[in-house]
Amino acid sequence: LAKTTQPISMDSYEGQEVNITCSHNNIATNDYITWYQQFPSQGPRFIIQGYKTKVTNEVASLFIPADRKSSTLSLPRVSLSDTAVYYCLVLPTGTASKLTFGTGTRLQVTL
Amino acid sequence: NAGVMQNPRHLVRRRGQEARLRCSPMKGHSHVYWYRQLPEEGLKFMVYLQKENIIDESGMPKERFSAEFPKEGPSILRIQQVVRGDSAAYFCASSPPSRYANTGELFFGEGSRLTVL
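Calculation criteria
Residues numbered from 1 in each chain as written. Chains lettered and ligands numbered in written order. Predicted model: local features only at pLDDT ≥ 70, side-chain atom pairs only at ≥ 80, totals over all residues. Heavy atoms only, no water. Buried < 20%, exposed > 50% of the residue type's maximum accessible area, 1.4 Å probe, protein only. Helix = DSSP H or I, 4+ residues; strand = E, 2+ residues; numbered from the N terminus. Pairing = 2+ DSSP bridges. Axes fitted to C-alpha atoms, helices over the stretch in contact; angles between N-to-C directions. Phe/Tyr/Trp six-rings, centres within 6.5 Å; stacked < 30°, edge-to-face > 60°. Lys NZ or Arg CZ within 6 Å of the ring centre and 35° of its normal. Polar contact = N/O pair within 3.5 Å; in protein donor to acceptor, adjacent residues only side chain to side chain. Contact = heavy atoms within 4.5 Å. Core = buried A, V, L, I, M, F, W, Y, C linked by side-chain atoms within 4.5 Å.

S.K.: So what's going on with the pairing of strand β8 (residues 75-79) of chain B? Which residues, and what values?
M.R.: Residues and elements named next belong to chain B. Among the 5 residues of β8, 4 are classified as buried, and the element is accordingly described as predominantly covered. Where strand β3 (residues 19-24) lies against β8, 5 bridges are found, and the strand directions are antiparallel. When the bridges of β8 are listed, A19 appears paired with I79. In this structure, strand β7 (residues 65-68) lies alongside β8, joined through 4 bridges in antiparallel fashion. Following the sheet pairing, S66 is matched in β8 by R78. Between β7 and β8, which follow one another and run antiparallel, lie 6 residues, and G73 among them has a positive phi close to 100°.

Right, here's the structure in full:
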């Protein structure tokens, strides 16, 4: 399984763009990169997934360089409600399998 | 389409008692996963089940913990003879059957918070 490394915490002001970078040096050819968001006292929620280059949805953008050894989750113009823990996951190859969560990045947004 | 339903949301047990946590996956989902989250920590995988089969239980403690996902009814995580260290949030997630099951999206419930006195 590819191990992921991301900052433990980040702080931001409301309205700013936040970029959270995740390192996954041992990513395999068939692995996808996935990000989840978890609010306090709730279960994690899928945000975005990508394989290479850039993926964008209504919530975030995901940037993946050509070597795929890292990825960056970009949250545009964060608000207080974006305060949460963000998890970077690399999906293992094969058929059905578990997801492995690390400790994530705790994002604190303030006024 | 209801989401993943977990109950009870909160459970208090005394040391030595049994705890049973239930999870009903989303409609049409046949894969269920259980995770445990200790306070201020990330989620730890416990077990992955399909209907009537345990696929991966590599994260389950060897003793006192068991899980099942019967043909009918919810998945159940059972903890026997609970100890204080079992106090945690237990999350269930489900995913649909798929030839390429590594689609990355698991649908999580709100969790069951177990407190052992």
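Following the structure, the description resumes.
S.K.: How would you summarise the sheet that holds strand β7 (residues 70-75) of chain A if you had to cite specific residues and measurements?
M.R.: The pairing of strands in a sheet comes from backbone hydrogen bonds and takes either a parallel or an antiparallel form. Residue and element names in this part refer to chain A. Reading across the sheet, the 4 strands line up as β2-β7-β6-β5 and stay open at both edges, with antiparallel pairing between neighbours. Each edge of the sheet is formed by a strand with only one pairing partner; in this case those strands are β2 (18-23) and β5 (53-56). The average angle at which neighbouring strand axes cross in this sheet is 15°, direction not considered. Looking at chain direction, strand β6 (residues 61-64) and β7 are connected through 3 bridges and run antiparallel. In the strand pairing of β7, F63 is matched with T72.

S.K.: Outline the packing of aromatic side chains, supporting the account with residue identities and numerical values.
M.R.: Evaluated as defined, the whole model comprises 10 aromatic pairs over all chains. Relative to A:F101, the ring of A:Y36 has its centre 5.5 Å away and its plane inclined at 65°; by these criteria the two rings are edge-to-face. Separated by 65 residues along the polypeptide, A:Y36 in strand β3 (residues 33-38) and A:F101 in the loop between β8 (84-90) and β9 (105-110) bring together distant segments of the chain. Judged by relative accessible area, A:Y36 falls into the buried class, the value being 0%. Judged by relative accessible area, A:F101 falls into the buried class, the value being 5%. Ring-pair connections join several aromatic residues into one group, and the members of that group are A:Y36, A:F46, A:Y87, A:F101, B:Y35, B:F45 and B:F108. Of note, A:R68 hangs over the ring of A:Y51, and the distance from its end group to the ring centre comes to 3.9 Å.

S.K.: Provide a residue-level description of the side chain of A:S71, including the pertinent values.
M.R.: All names here are of chain A. Within the element layout of this structure, S71 appears in strand β7. S71 sits in the buried class, given a relative accessible area of 0%. A polar contact of 3.0 Å, which involves the side chain of S71, links it to the side chain of H24. Contacts of S71, omitting those with residues within four sequence positions, involve I20, T21, C22, H24, I33, W35, L62, F63, I64 and C88.

S.K.: Please set out the nonpolar core residue by residue, giving values where relevant.
M.R.: B:W34, B:M46, B:L77 and B:Y90 are the most contacted members of the largest nonpolar core, which has 23 residues in total. Among the elements of the structure, β3, β4 (31-37), β5 (43-50), β7, β8, β9 (88-95) and β11 (112-116) of chain B are those that each provide at least two residues to this core. Ignoring sequence-local partners within four residues, the contact set of B:Y90 consists of B:Q6, B:L21, B:W34, B:Y35, B:R36, B:M46, B:F65, B:L77, B:I79, B:G111, B:S112 and B:L114. The next biggest cluster of nonpolar side chains, apart from the first, holds 21 residues, and it includes A:I27, A:A60, A:A84 and A:L107.

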